[in-house]
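# Tertiary structure, described
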Amino acid sequence: MKAKIAGTIILLIHLYWMFHHLRFLYLYQNPDILWFSMYPTWYLVLNSIIGFIGVIIGFRVYSEKMKILKGVLSSVVLLGLGLVSELINNLGIWE
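All of these numbers come straight from a predicted model, not from anything done at the bench.

Bringing helix α2 (residues 41–62) into the picture now. With 22 residues, α2 ought to run about 32 Å at 1.5 Å a step, and its terminal C-alpha atoms sit 31 Å apart, in line with that. Taken together, the buried positions of α2 are occupied by Y43, L44, N47, S48, I50, G51, G54, V55, I57, G58 and V61. On the buried face of α2, the contacting elements are α1 (2–27) and α3 (68–91). Looking one or two places after α2, you find E64, whose phi comes out positive at around 60°.

Structure follows, in structure tokens:
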């Protein structure tokens, strides 16, 4: 029962993470919208992939193929990588 709750929470967090960045990637293709600032494509694609990997981890925890602790730790590491990529993007280190 705990694995199903933890897997669902991980799944929901990463689904939001993935669709948030995919939505921007989709909206940037519309020339009718004038954006003041835009995220680079590499940032959006990287975070969408991070979200997809997190969804897979969430499913594995939910189906009890992965232990809860290992799933939560890998989920935190993935989200940390996403936050580091946001920091790199905001500082303009890699353009």
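With that out of the way, let us pick up a nonpolar patch on the surface. Nonpolar side chains collect at one region of the surface, where V45, I49, F52, I53 and I56 lie side by side and expose about 420 Å² of accessible area between them. Tracing the backbone through its elements, the reader meets I56 in helix α2. Overall, the relative accessible area of 39% leaves I56 in the partly exposed class.

A few words on α1. The end-to-end C-alpha distance of α1, which contains 26 residues, comes to 37 Å, matching closely the 38 Å that a straight helix rising 1.5 Å per residue would cover. Residues of α1 that are buried include every one of A3, A6, G7, I10, L11, H14, W17, M18, H21 and F24, and no others. In this structure, the buried side of α1 is in contact with α2 and α3.

Next up on the list: the nonpolar core. Membership of the largest hydrophobic core is limited to nine residues, which are A6, I10, W17, I50, I57, V61, M66, L78 and L79. Contributing elements (two or more residues each) for this core: α1, α2 and α3. In this view, L79 contacts I13, H14 and W17; residues no more than four positions away in its chain are not counted.

Moving on to the packing of aromatic side chains. Under the definition given, this model contains six aromatic pairs. Between F24 and Y28, the aromatic rings sit 5.9 Å apart at their centres with planes inclined by 45°, giving tilted as the arrangement. Per residue, the accessibility class of F24 equals that of Y28, and both read buried. Judged by centre distance (5.7 Å) and plane angle (80°), the rings of F24 and Y39 are edge-to-face. Separated by 15 residues along the polypeptide, F24 in helix α1 and Y39 in the loop between α1 and α2 bring together distant segments of the chain. The class of F24 is buried, set by a relative accessible area of 14%. Relative accessible area serves as the criterion here: at 29%, Y39 is assigned to the partly exposed category. In this structure an aromatic cluster arises from ring pairing among F24, Y28, W35, Y39, W42 and Y43. Looking at K4, its charged tip hangs above the ring of Y62, at a distance of 4.6 Å from the centre. Positioned above the aromatic ring of F24 is the side chain of R23, whose terminal nitrogen or guanidinium carbon lies 5.7 Å from the ring centre.

Definitions and cut-offs
- Residues numbered from 1 in each chain as written.
- Predicted model: local features only at pLDDT ≥ 70, side-chain atom pairs only at ≥ 80, totals over all residues.
- Heavy atoms only, no water.
- Helix = DSSP H or I, 4+ residues; strand = E, 2+ residues; numbered from the N terminus.
- Expected span 1.5 Å × (residues − 1).
- Buried < 20%, exposed > 50% of the residue type's maximum accessible area, 1.4 Å probe, protein only.
- Contact = heavy atoms within 4.5 Å.
- Patch = residues over 30% accessible without salt bridge, like charges linked within 9 Å, V, L, I, M, F, W, Y side chains within 5 Å.
- Areas by Shrake-Rupley, 256 points an atom, 1.4 Å probe, with all protein chains shown as cover.
- Salt bridge = Lys/Arg side-chain N within 4 Å of Asp/Glu carboxyl O.
- Core = buried A, V, L, I, M, F, W, Y, C linked by side-chain atoms within 4.5 Å.
- Phe/Tyr/Trp six-rings, centres within 6.5 Å; stacked < 30°, edge-to-face > 60°.
- Lys NZ or Arg CZ within 6 Å of the ring centre and 35° of its normal.

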